[in-house]
Protein chains: 2
Amino acid sequence: MTDPKPRKTGSKPAESITFDEIDQRILDMLQQDSDTPVQAISEAVGLSANPCWRRIKRMEEAGLIKGRVALVDQTRANVPLTVFIGVSTSRHEIDWLKRFRALIDEIPEVLEAYRLTGTVDYILKVAVPDMASYDAVYKRMIERLEFSQVNSMISMEELKFTTAIPTKYL
Amino acid sequence: MTDPKPRKTGSKPAESITFDEIDQRILDMLQQDSDTPVQAISEAVGLSANPCWRRIKRMEEAGLIKGRVALVDQTRANVPLTVFIGVSTSRHEIDWLKRFRALIDEIPEVLEAYRLTGTVDYILKVAVPDMASYDAVYKRMIERLEFSQVNSMISMEELKFTTAIPTKYL
DNA sequence: TATGAAAGACTCCCATC
DNA sequence: GATGGGAGTCTTTCATA
């Protein structure tokens, strides 16, 4: 709002592809429902079908749209339980990180993992059927790698969940 | 593995719809790429196109497939920074929760929010361009609601990210 | 912008176990 | 009777002019 700067493209080699407000609105719609017909999108943004389709393709080629996926209901898929696990290690070595990465990659219950600043080194988001299954995942992890601390936070209720990131900074 | 029970359907009114290993494999593919042609899926699972399509439709109608969405690259969309915020409140009232829910709903940078057990009451996942933007979101929150504790965990690196939940418990 | 060709999605009906 | 396969129609995508 208070920033009139020309806006940097960020980290990428900067091919200086720009996107405007129409692209934002198209993205917003596709982030809600990726098989919204191009025709419907074009009408909503006040464009004819073809140029609208061209913009979508351009965003895909630029890598702005990473892909399209089906979202599965956790409860109906019998994995209603979401657990966040904060973990810390005393082994601050590149080899440990490598093995940690390999470990979480092969556990499908681990949906997300981030390396953090601060006291907690990593945070994981895990989806499991119940506490017993969670315990199995937990054991599988501490069996393979040393952790100095593991702190489980059980989700009792999902207040918000969206895969749609804000487009206003485009 | 060690559980030979007939498997409960969970919380829903239990229409007792069952899904088999073929459905699992179809789901796996659609969770990776939702516009994989039905034909390609059918070949992969050893079925002809029509019954394969029927299975997909059935999973959609059952609500197992919630929808299909486009995934946008955070970095290219200029929101490269992911922050987890652990918050606690001293106001354990239904009205506070209601207002909290409304608040996070209107902040598009808040992608996810969960109510937790344990010492931390809620955890939020937020996507922003930089620390300044994060601070703006933070201020917007504490301006509107009382928190007894707010603990920000900044992500330095995304080790894993997938929207594909495990299908082996189906 | 409009037209058209090609591909894929969806429907109906028949065959089979 | 439930499930899989096959042919035909129709929408949607994509490349012309």
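Parameters at a glance
- Residues numbered from 1 in each chain as written.
- Chains lettered and ligands numbered in written order.
- Predicted model: local features only at pLDDT ≥ 70, side-chain atom pairs only at ≥ 80, totals over all residues.
- Heavy atoms only, no water.
- Least-squares fit on C-alpha atoms with pLDDT ≥ 70 in both.
- Contact = heavy atoms within 4.5 Å.
- Near = heavy atom within 4 Å.
- Polar contact = N/O pair within 3.5 Å; in protein donor to acceptor, adjacent residues only side chain to side chain.
- Helix = DSSP H or I, 4+ residues; strand = E, 2+ residues; numbered from the N terminus.
- Axes fitted to C-alpha atoms, helices over the stretch in contact; angles between N-to-C directions.
- Parallel < 35°, antiparallel > 145°, perpendicular 65-115°, else oblique.
- Nonpolar A, V, L, I, M, F, W, Y, C, P; charged D, E, K, R; others polar.
- UniProt positions renumbered as here; feature names shortened; annotations may be inferred.

Topic: the relation of the copies chain A and chain B
Least-squares fitting of chain A to chain B yields an RMSD of 0.1 Å, with the transformation described by 0.0 Å of translation along the axis and a rotation of 180°. Between the two chains, the operation in question is that of a two-fold axis. Looking at the rotation axis and the C-alpha trace of chain A, the residue lying nearest is A:V69, at 2.8 Å. When the interface residues of chain A are mapped onto chain B, 100% of them again lie at the interface, so the same face is used by both copies.

Considerations on the protein's contact with DNA strand D
The immediate surroundings of DNA strand D are formed by A:V38, A:N50, A:W53, B:L47, B:S48, B:N50, B:P51, B:R54 and B:R55. Restricting the count to atoms of DNA strand D within 4 Å of the protein gives a sugar and phosphate share of 55%. A distance of 2.4 Å separates a phosphate oxygen of DNA strand D from a polar atom in the side chain of A:W53. Here B:S48 contributes a backbone N or O atom positioned 2.8 Å from a phosphate oxygen of DNA strand D. For the surface near DNA strand D, the secondary structure elements donating two or more residues are α3 (49-61) of chain A together with α3 (49-61) of chain B. Ranked by residues supplied to the surface near DNA strand D, first place goes to α3(B) with four residues.

Brief notes about the protein's contact with DNA strand C
Neighbouring DNA strand C are the residues A:S48, A:N50, B:P37, B:V38, B:N50, B:W53, B:R54 and B:K57. Of everything in DNA strand C that lies within 4 Å of the protein, sugar and phosphate atoms constitute 59%. Within the side chain of B:N50, one N or O atom sits 2.7 Å away from a base nitrogen of DNA strand C. Considering each element in turn, the surface near DNA strand C owes the most residues, four residues, to α3(B).

Things to note about the packing of helix α2 (residues 38-45) of chain A against α3(A)
Helix-helix packing: each pair is described by the crossing angle between the helix axes and the interaxial distance. Residue and element names in this part refer to chain A. In the contact formed by α2 and α3, the axes pass within 9 Å of each other and the chain directions differ by 100°. Of the possible angle classes, the one that applies to α2 and α3 is roughly perpendicular. Each of V38, I41 and S42 in α2 lies in contact with α3, whose residues at this interface are A49, C52, W53 and I56. Taken together, the residues of the contact of α2 with α3 sort by class into six nonpolar, one polar and no charged.

A closer look at the side chain of B:R68
Here B:R68 shows up in strand β1 (residues 65-72). Looking at B:R68, its side chain comes within polar contact range of the main-chain oxygen of B:S34, at 2.9 Å. Excluding anything up to four places from it in sequence, B:R68 contacts A:Q32, A:D33, A:S34, A:D35, A:V69, A:A70, B:L30, B:S34, B:I56 and B:E60.

Notes on the UniProt feature "domain: HTH asnC-type" (unreviewed entry) in chain A
Per the UniProt record, "domain: HTH asnC-type" (unreviewed entry) is annotated on residues 19-80 of chain A. When the span residues 19-80 of chain A is considered, its composition is 53% helix and 13% strand, and the gap between its end C-alpha atoms is 38 Å.

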